[in-house]
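# Results of the structural survey
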Amino acid sequence: MLLERIGKYEIRRLLGEGATSSVYLGWDPFNRREVAVKRIEPAFFKPPHRGRLFRQLLINEASLAGKIKHPHIIQIYDAVVDADNAYVAMEYVPGGTLEPLAQPGRLAPFERVIEIIFKCTRALDYAFHEGITHRDIKPANILLSTAEGSDIRISDFGAAFQATGEVTQIANLGSPAYMSPQQVREMQIDHRSDIYSLGVVMYQLLTGHLPFESDNNYTLVYRIANEAPPAIAEYRQDLPEALEIIVRRAMEKDVERRYQSWTEFSHDLTLAFRNCVLKPDQPALPETEKFRFLRTLPFFNKFSDAELWETIGFSQWDLFQPGTVILKEGEAGDHFCFLVEGEARVKRNRTLLDVLTPGDCFGEIALFSAGKGVRSASVEATSVVRLITINGQALERASEACRMHFYQAFLTVLATRLSLASSRIANLEV
């Protein structure tokens, strides 16, 4: 029989059941939004030892409420752990888990797999810098915003521990097939154990098979600790070799030979995508490439990962042919641009003022003119150029932190330009 309420949440339907808990689609009448409510079955609290374990799991997850804010980590809204109730209310993500995409015959294109894994690396890098190791990375704990898309949320931080000591590590937790050799041996672990687990997820998404399988956990643990996984090419001949190399490095048994940081992992994914997928005449950039480009720009140095993803969401990326007038002198404008690829010239009254190269921003003065600013110069593409365009109104709707970092970066740009202009004037006077 379906529950009618869990705490303050109205229950609409059952979303899924696990060995110890059930997840329901609920409605939060106070905030007027759908939520996913994970409830530990009361029977599991009765045995003293097991009851303490499951309570600690839920407390672990509940402790992260309001602490982790990242576009690819599920948001925890509320939690209750008392004698009568044990549940967590979280963001509802409707696309389901990655599990269907890990089955033979239902595999996603490798381009989509790269994008999914890339977003996981960025989310887990954020968690790492917050002092958190997940310890249970697997397809069931990675949710899709839509069944067909590549936008993800990492969930279920119950098995996680925090380096701050606020949450204690609980032994013998995790899913054996995805555990690192260090984890199955119950050695001290860090973020590199999560890197191994995500490598297993990538292996499975590319092949439809786990790297190590067995009828019993003892044999499985031995194989994880001692054997090399079958090469991806044994299952699929159509995949770029770069993906085999990435998975092999992520799953190195020797932790010192594994990726040492999430940044290294995501960097190799970006290169693989660019080398395997992008063609010279392909106009569209994947989100992973957009993120990589923004992260390289000095303008965005102080932006968090979440703010970069937010910027990608409200910006427009376009190609323009040589000779295109991007901004026209004397016209009103309420948007500004960044040059991604190619070259453009800045002219006033047909006089060349500057040459723009990748990374340069222009047109930002319109931001400070309440939408009524008039362009003081023209910008014309001298080659095929790729531009990021951001509308002033879109920036106004951005988060406060994102806007603040834009305005701070603009002040730095303006100060640099004034300094250069002063130096030029001084040289002319001399």
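See the structure shown above.
Just so you know, these numbers come straight off a predicted model, no measurement behind them. (Residues numbered from 1 in each chain as written. Predicted model: local features only at pLDDT ≥ 70, side-chain atom pairs only at ≥ 80, totals over all residues. Heavy atoms only, no water.)

### Examining the sheet that holds strand β16 (residues 361-362)
Here we have 4 strands laid out as an open sheet, ordered β11-β18-β13-β16, and antiparallel in their pairing. A strand with exactly one partner marks an edge of an open sheet, and here the two such strands are β11 (316-320) and β16. Packed onto the sheet, helix α8 (residues 287-296) meets β11, β13 (335-341) and β18 (385-391) and runs at close to 90° relative to β11. (Pairing = 2+ DSSP bridges. Helix = DSSP H or I, 4+ residues; strand = E, 2+ residues; numbered from the N terminus. Contact = heavy atoms within 4.5 Å. Axes fitted to C-alpha atoms, helices over the stretch in contact; angles between N-to-C directions.)

### Things to note about the nonpolar core
Leu198, Phe265, Phe299, Phe338 and Phe406 are the most contacted members of the largest nonpolar core, which totals 81 residues. Tallying contributions element by element places helix α2 (residues 110-129) first for this core, with 11 residues. The contacts of Phe299, once residues within four sequence positions are left out, are Phe338, Cys361, Phe406, Ala409, Phe410 and Val413. Counting residues in hydrophobic clusters, the runner-up holds 13 residues, among them Ile326, Leu339, Leu356 and Leu387. (Core = buried A, V, L, I, M, F, W, Y, C linked by side-chain atoms within 4.5 Å. Buried < 20%, exposed > 50% of the residue type's maximum accessible area, 1.4 Å probe, protein only.)

### Focus on the sheet that holds strand β5 (residues 76-81)
Ordered in space as β1-β2-β3-β4-β6-β5, the 6 strands form an open sheet in which the pairing is antiparallel. Looking at strand neighbours, the two that pair on one side only are β1 (5-6) and β5, the edges of this open sheet.

### Concerning the pairing of β13
Regular strands show a simple pattern: their side chains alternate between the two faces of the sheet. Burial runs high along β13: 5 of the 7 residues are buried. Two strands pair when backbone bridges link them, and β13 and β16 are joined in this way by 2 bridges, in the antiparallel orientation. Paired with Cys337 across the strands is Phe362, a residue of β16.

### Digging into the side chain of Glu115
Relative to the elements of secondary structure, Glu115 occurs in helix α2. Apart from residues lying up to four places away in sequence, Glu115 is in contact with Ser150, Glu287 and Thr288.

### Considerations on the pairing of strand β6 (residues 86-91)
Buried residues dominate β6, accounting for 6 of its 6 residues. Bridging between strand β4 (residues 33-40) and β6 involves 5 bridges; their strand directions are antiparallel. Residue pairing in the sheet places Val35 in a bridge with Glu91 of β6. In this structure, β5 lies alongside β6, joined through 5 bridges in antiparallel fashion. Bridge assignment links Ala79 to a residue of β6, and that residue is Val88.

That's the geometry; what it means functionally is another story.
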